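Inside the fold
Letter by letter, the chains look like this.
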Amino acid sequence: MLENPGVYRIGIEGIYYGRQVLDDDPYAGQSKPYLYAMAIAVRQLGPLEVVANFENLLNVRQTDYQSLVRPFPTVGGRWTTDVWGPLEGFMANVAVRYRWHNVK
């Protein structure tokens, strides 16, 4: 995190997920390892604070490696594999907050 108090904050975070053993998966016995990276930027403009949040910067998706739909149902009738990685890709959102009283 890099910060200039009252002006801005910028931060990054990363989480490494190693191989995971997959139970009853018709496509693979282990998942692929991946890095999940995130970032945030906050800018103070008087009583306004603007926040930009970014997730899955590397756009990692489980469906890039294998299908979620099984070629045949399980004994219980389930047609999908277990989820071991992100299903949604890159995400971004922006928020604006107004402070009635500037807190110092």
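Let me sum up the structure you'll find in this document. Keep in mind the model is a prediction, meaning the values are calculated, not measured.

Focus: the pairing of strand E2 (residues 8-17)
- Bridge count for strand E1 (residues 2-4) against E2 is 3 bridges, and the pairing is antiparallel. In the sheet register, Glu-3 faces E2, and the bridge partner there is Arg-9.
- Where E1 folds back onto E2 in an antiparallel hairpin, the turn is made up of 3 residues, including Gly-6, whose phi is positive at roughly 80 degrees.
- In terms of strand pairing, E2 meets strand E3 (residues 34-45) through 10 bridges, oriented antiparallel. If you follow Arg-9 over to E3, its bridge partner there is Val-42.

A closer look at unusual backbone geometry
- Even without being a glycine, Asp-24 presents a positive backbone phi close to 55 degrees.
- Turning to its location among the elements, Asp-24 is positioned in the loop between E2 and E3.
- Positive phi outside glycine occurs at Asn-59, with the angle close to 55 degrees.
- Under the relative-accessibility criterion, Asn-59 is labelled partly exposed at 31%.

Some words on the side chain of Gln-44
- Looking at the element boundaries, Gln-44 is found in strand E3.
- By relative accessible area, Gln-44 is classed as buried at 17%.
- Within polar-contact distance, the side chain of Gln-44 engages the backbone oxygen of Gly-46 at 2.8 Å.
- With near-sequence residues (within four places) excluded, Gln-44 lies in contact with Gly-6, Val-7 and Glu-49.

Rules used in this analysis
Residues numbered from 1 in each chain as written. Predicted model: local features only at pLDDT ≥ 70, side-chain atom pairs only at ≥ 80, totals over all residues. Heavy atoms only, no water. Pairing = 2+ DSSP bridges. Helix = DSSP H or I, 4+ residues; strand = E, 2+ residues; numbered from the N terminus. Buried < 20%, exposed > 50% of the residue type's maximum accessible area, 1.4 Å probe, protein only. Polar contact = N/O pair within 3.5 Å; in protein donor to acceptor, adjacent residues only side chain to side chain. Contact = heavy atoms within 4.5 Å.

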